[in-house]
Amino acid sequence: MHVTQSRRSFLAAAAAVGAAGLLGTSARARAEAPPETTSVRLPAFPKVSDCMSPIFIAKALLQAEGFTNVSLVTEGTGPDSSDWIEHGELDFDWNYPPAHIKSIAKGVPITVLSGLHVGCLELIANDRVQSIPDLKGKRAGIDDFNGNTYLLLMMIAAYVGLDPASDVEWISVTDPVDAFAEGRIDAFLGTAPVPQIMRERNLGHVILKTSVDRPWAYYYCCMLAGTNEFVERYPVATKRTLRALLKAVDFCLADPEAAAAAVVAGGLGSRDDYVRQAFGSEILYDKWRQYDPEDTLRFYALRLQETGIVKANPQDIIASSTNWRFLDELKRELKT
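None of these values were measured; they are calculated from a predicted model.

The subject of this paragraph is the overall build of the chain. Along the backbone of the chain there are 15 helices and 10 strands. Against the 2.2 N^0.38 benchmark of 20 Å for 336 residues, the chain shows a C-alpha radius of gyration of 19 Å, consistent with a compact globule. The buried share among the 336 residues of the chain stands at 57%. Across the chain, the fraction of contacts at a sequence separation of at least 24, relative to all contacts at a separation of at least 6, is 80%. Charge centroids of the chain, computed over 34 positive and 42 negative side chains, lie 5 Å from each other.

To continue, consider the side chain of Asp250. Following the sequence through the fold, Asp250 ends up in helix H10 (residues 235-254). Beyond its immediate sequence surroundings of up to four residues, Asp250 is in contact with Trp288 and Arg289.

For H10, with 20 residues, the first-to-last C-alpha span of 28 Å sits near the 28 Å given by 1.5 Å per residue. Counting buried positions along H10 gives 16 out of 20 residues, so the element sits mostly inside the fold.

This part is about helix H5 (residues 97-105). With 7 of 9 residues buried, H5 is to be regarded as a mostly interior element. Among all positions in H5, only Pro97, Pro98, Ala99, His100, Ile101, Ser103 and Ile104 are buried. Immediately downstream of H5, the backbone of Gly107 shows phi near 95°, a positive value.

Moving on: the packing of aromatic side chains. Using the criterion set out here, one finds 14 aromatic pairs in the structure. Ring geometry for Tyr150 versus Trp170: centroids 5.1 Å apart, planes at 80°, classification edge-to-face. Taken together, the residues span a long stretch of sequence, with Tyr150 in helix H6 (residues 148-159) and Trp170 in strand E7 (residues 169-172) at a distance of 20 residues. The exposure class of Tyr150 is buried, given its relative accessible area of 17%. For Trp170, a relative accessible area of 13% corresponds to the buried category. Taking the centre distance of 5.1 Å and the plane angle of 75° together, the rings of Phe230 and Tyr234 count as edge-to-face. As far as the burial class goes, Phe230 and Tyr234 line up, both buried.

Glancing now at the pairing of E7. By the bridge criterion, 4 bridges tie strand E6 (residues 139-142) to E7 in an arrangement that is parallel. Pairing of Gly141 across the sheet is with Ile171, part of E7. As for the winding sense of the linkage, the β-α-β connection from E6 through H6 to E7 is right-handed.

This part is about the packing of helix H3 (residues 54-64) against H10. Contact geometry of H3 with H10 gives a least axis separation of 8 Å together with a crossing angle of 125°. Taken together, the axes of H3 and H10 are oblique relative to one another. For the element pair H3 and H10, the recorded crossing hand is right-handed. When H3 is examined against H10, the residues Pro54, Ile55, Ile57, Ala58, Leu61 and Leu62 are found in contact with a partner set consisting of Arg240, Thr241, Ala244, Leu245, Lys247, Ala248, Val249, Phe251 and Cys252. Considered class by class, the residues forming the contact of H3 with H10 number 12 nonpolar, 1 polar and 2 charged.

Rules of the game
- Residues numbered from 1 in each chain as written.
- Predicted model: local features only at pLDDT ≥ 70, side-chain atom pairs only at ≥ 80, totals over all residues.
- Heavy atoms only, no water.
- Helix = DSSP H or I, 4+ residues; strand = E, 2+ residues; numbered from the N terminus.
- Rg over C-alpha atoms; globule rule 2.2 N^0.38 Å.
- Buried < 20%, exposed > 50% of the residue type's maximum accessible area, 1.4 Å probe, protein only.
- Contact = heavy atoms within 4.5 Å.
- Lys, Arg positive; Asp, Glu negative; His and termini not counted.
- Charge placed at Lys NZ, Arg CZ, Asp CG, Glu CD.
- Expected span 1.5 Å × (residues − 1).
- Phe/Tyr/Trp six-rings, centres within 6.5 Å; stacked < 30°, edge-to-face > 60°.
- Pairing = 2+ DSSP bridges.
- Right-handed = clockwise from strand over helix to strand, strands pointing away.
- Axes fitted to C-alpha atoms, helices over the stretch in contact; angles between N-to-C directions.
- Parallel < 35°, antiparallel > 145°, perpendicular 65-115°, else oblique.
- Left-handed = near helix turned anticlockwise from the far one by under 90°.
- Nonpolar A, V, L, I, M, F, W, Y, C, P; charged D, E, K, R; others polar.

As structure tokens, then:
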């Protein structure tokens, strides 16, 4: 399924990014060859993951980069976008580093290209859980036993010395907010807009916030990967895709009100005030220039080794399945 974008919502996004001067191209970009393909497929989770909402802003920017067929894919084979790219239903995947690493370890032909942002996750708990070690003997809500929240929360538990297999009771829930409110779980990981919803309903308290708490705040929580076929066959299109996404990320940080209005008009964002808050202060979109994406992959690959989920050597993963050339070029090009 693909997001259908109305002319009105597209014009809202185009006007917003145009007003910010982002639809223009640099001299270096104008000197580039046109994209080898004019089609590109990206994942989208409407009203579910506000941290990914810059993808909607990027749609107008991608069209300015020469793409005439930009597909925002909302479902495919399997529950997560890491499944969709594995089954050839995406060209690029905006996802958590552990999801990319797990895919690489199982042989999915993808290349990690860039970090995108920091800090989209919060660990929310009831009064029985005041710190991460208190998860011992408690019920943690997860999306499913192959899902990202299970993967991430297992690593967080293991990092403080818990045995995720025996110390935590894992409960799969469809709606963690309702499950928490009804007392069926003691804690869960949430990404925007869930933390805002919890605060609005005065439910629980935060015991870990990846935008500020060590060591998680030092590493990307979302990174971009492309299929090997697309990256190798279409290098100009790959760079243009990454440039559009990074410019969209910059815009969401620089003008959160205009960016939020455009995202909500397009039907992808949860609610204007939630998205505006996420863009303005909750999610650190400025870190793509500052952090080393290789450090992030190494950190999470080691954590996955500790939990026994991945056996591959972190350096082998980095050597075989990363390409920072496009990012390095864009860091020089997009200095301001």
